[in-house]
Amino acid sequence: MSTAYAREMADWVTISALATAGGTTVLAIATFASTRSANRSARIAERAMLAGIRPVLLTARPEDPPEKITWTDRHVTKATGGRGMFETEDNVFYLSAALRNVGTGLAVLHGWRVTRDVVAECHGADLSEYRRLTRDLYIAPGDNGFWQGAVREIDDPDREEIRDLFVHRERFAVDLLYGDQEGGQRTVTRFGFTPWDDDGWLCMTARHWFIDRDDPR
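Criteria and cut-off values
Residue positions are given per chain, counting from 1 as you read along its sequence in written order. Given that this is a predicted model, residues contribute local features only at a pLDDT of at least 70 and side-chain atom pairs are listed and counted only at 80 or more, while totals for whole chains, interfaces and linings are drawn from all residues. Side-chain calculation: all heavy atoms of the structure are included, whereas hydrogens and water are not. Where helices and strands are cited, they refer to DSSP runs of H or I of at least four residues and of E of at least two residues respectively, numbered from the N terminus. To sort residues, take the accessible area from a 1.4 Å probe on protein chains only and compare it with the maximum for the residue type: under 20% means buried, over 50% means exposed, and anything in between is partly exposed. Only heavy atoms enter the contact rule, under which two residues are in contact if any of them lie within 4.5 Å. Values of accessible area rely on a 1.4 Å probe in the Shrake-Rupley scheme; residue burial ignores everything except the protein chains shown. Ring pairs are drawn from Phe, Tyr and Trp, using the six-membered ring of Trp, whenever the two centres fall within 6.5 Å, and their geometry is named by plane angle: stacked under 30 degrees, edge-to-face over 60, tilted for the rest. Whenever Lys or Arg places a side-chain nitrogen within 4 Å of a carboxyl oxygen from Asp or Glu, that contact is recorded as a salt bridge. Two strands pair under a simple rule: DSSP has to find at least two bridges between them. Confidence of the prediction at every residue is given by pLDDT, a number between 0 and 100.

### Here we look at the overall build of the protein
Turning to step 1, where the next piece is worked out: Along its length, the protein carries two helices and 11 strands.
Turning to step 2, where the next piece is worked out: Counted from the first residue to the last, the protein has its helices and strands arranged as α-β-β-β-β-β-β-β-β-α-β-β-β.
Turning to step 3, where the next piece is worked out: For the protein, with 217 residues in total, the buried portion stands at 36%.
Turning to step 4, where the next piece is worked out: Here the analysis covers contacts within the protein between residues at least 6 apart in sequence; of these, 64% occur between residues at least 24 apart.
Turning to step 5, where the next piece is worked out: Put simply, the protein shows about 12,900 Å² of open surface, and 55% of that area lies on carbon and sulfur atoms.

See the structure below:
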């Protein structure tokens, strides 16, 4: 085999190798771009799905029908829109409020806590501080419902504070923890209780915080 022929064969081998490498690179770039596009589409689809089942709770409107609320001890009250109920009977303190779900998903109520600092941020709150509801409460999208809570035990760690709020009629807030029907998109909505009239309370929606994702602001 002549030297020129051998050199020509080597050049073709090199060209073939470079062409194969170039084709592989182009294919890798195309695959990467396709994967990124697919991932982006999947994220958009996921956000759209979550938005479709996201609950958002507000206080009910004054013109909405009152909610009849009963407790396990047969205490009964009626919660009207825009008003908070804060009552006591037989050394038990009862709190409740009529709500409406303006979101597109079913609201599943998880728990609640009382705070005096109605303007403080909620991000640092430990979820273990929330009092679990004794029964499951659901509010359908576009529909009305209610939240209820009670402090019964004499040794309850929150009893003295809640008693003090009731006796002195001080402004306070209830942080309500809830999520969607899949158990995700957990949200805390703060409802402010303000003394009104002789023994009534106003209830107003204050702020929303997301637990499982970044806040929109």
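Moving on from the coordinates now.
### Regarding the packing of aromatic side chains
Turning to step 1, where the next piece is worked out: The tally for this structure, following the rule as stated, stands at eight aromatic pairs.
Turning to step 2, where the next piece is worked out: Measuring from centroid to centroid gives 5.3 Å for F86 and F172, while their planes differ by 65°, and the two rings are edge-to-face. Taken together, the residues F86 in strand β4 (residues 83-89) and F172 in strand β9 (residues 172-179) connect sequence positions 86 residues apart.
Turning to step 3, where the next piece is worked out: The exposure class assigned to F172 is buried, which follows from its relative accessible area of 0%.
Turning to step 4, where the next piece is worked out: Taking 5.4 Å as the distance between ring centres and 55° as the angle between the ring planes, the aromatic pair formed by F86 and W201 counts as tilted.

### Side note on the pattern of salt bridges
Turning to step 1, where the next piece is worked out: Scanning the entire structure with this criterion turns up 12 salt bridges.
Turning to step 2, where the next piece is worked out: Measuring nitrogen to oxygen at the nearest pair gives 3.3 Å for the salt bridge that ties D197 to R83. Here the residue D197 occupies a position in the loop between β10 (187-196) and β11 (200-210), and R83 occupies one in strand β4, the gap between them amounting to 114 residues.
Turning to step 3, where the next piece is worked out: Residue class for R83 comes out partly exposed when judged on its relative accessible area of 25%.
Turning to step 4, where the next piece is worked out: E170 is the salt-bridge partner of R116, the closest N and O atoms lying 2.6 Å from each other. Here the residue R116 occupies a position in the loop between β6 (107-115) and β7 (131-139), and E170 occupies one in the loop between α2 (159-168) and β9, the gap between them amounting to 54 residues.
Turning to step 5, where the next piece is worked out: Judged by relative accessible area, E170 falls into the partly exposed class, the value being 28%.
Turning to step 6, where the next piece is worked out: One salt-bridge network, in which partners are shared between bridges, spans R113, E129, D175 and R190.

### Structural notes on the pairing of β10
Turning to step 1, where the next piece is worked out: By the criterion of burial, β10 is predominantly enclosed, with seven of the 10 residues buried.
Turning to step 2, where the next piece is worked out: Bridge count for β9 against β10 is seven bridges, and the pairing is antiparallel. Across the sheet, the residue bridging to D175 is R190, located in β10.
Turning to step 3, where the next piece is worked out: Examined bridge by bridge, β10 and β11 share 10 bridges and lie antiparallel to one another. By the bridge assignment, T194 is partnered in β11 with L202.
Turning to step 4, where the next piece is worked out: Taken together, β10 and the strand that follows it, β11, pair antiparallel across an intervening segment of three residues, in which D197 is found at a positive phi of about 60°.

### With respect to the confidence of the model for the protein
Turning to step 1, where the next piece is worked out: Mean pLDDT over the protein works out to 84, with 74% of the residues at or above the 70 mark.
Turning to step 2, where the next piece is worked out: When mean pLDDT is taken per element in the protein, strand β5 (residues 92-101) scores highest with 98 and helix α1 (residues 3-52) scores lowest with 59.

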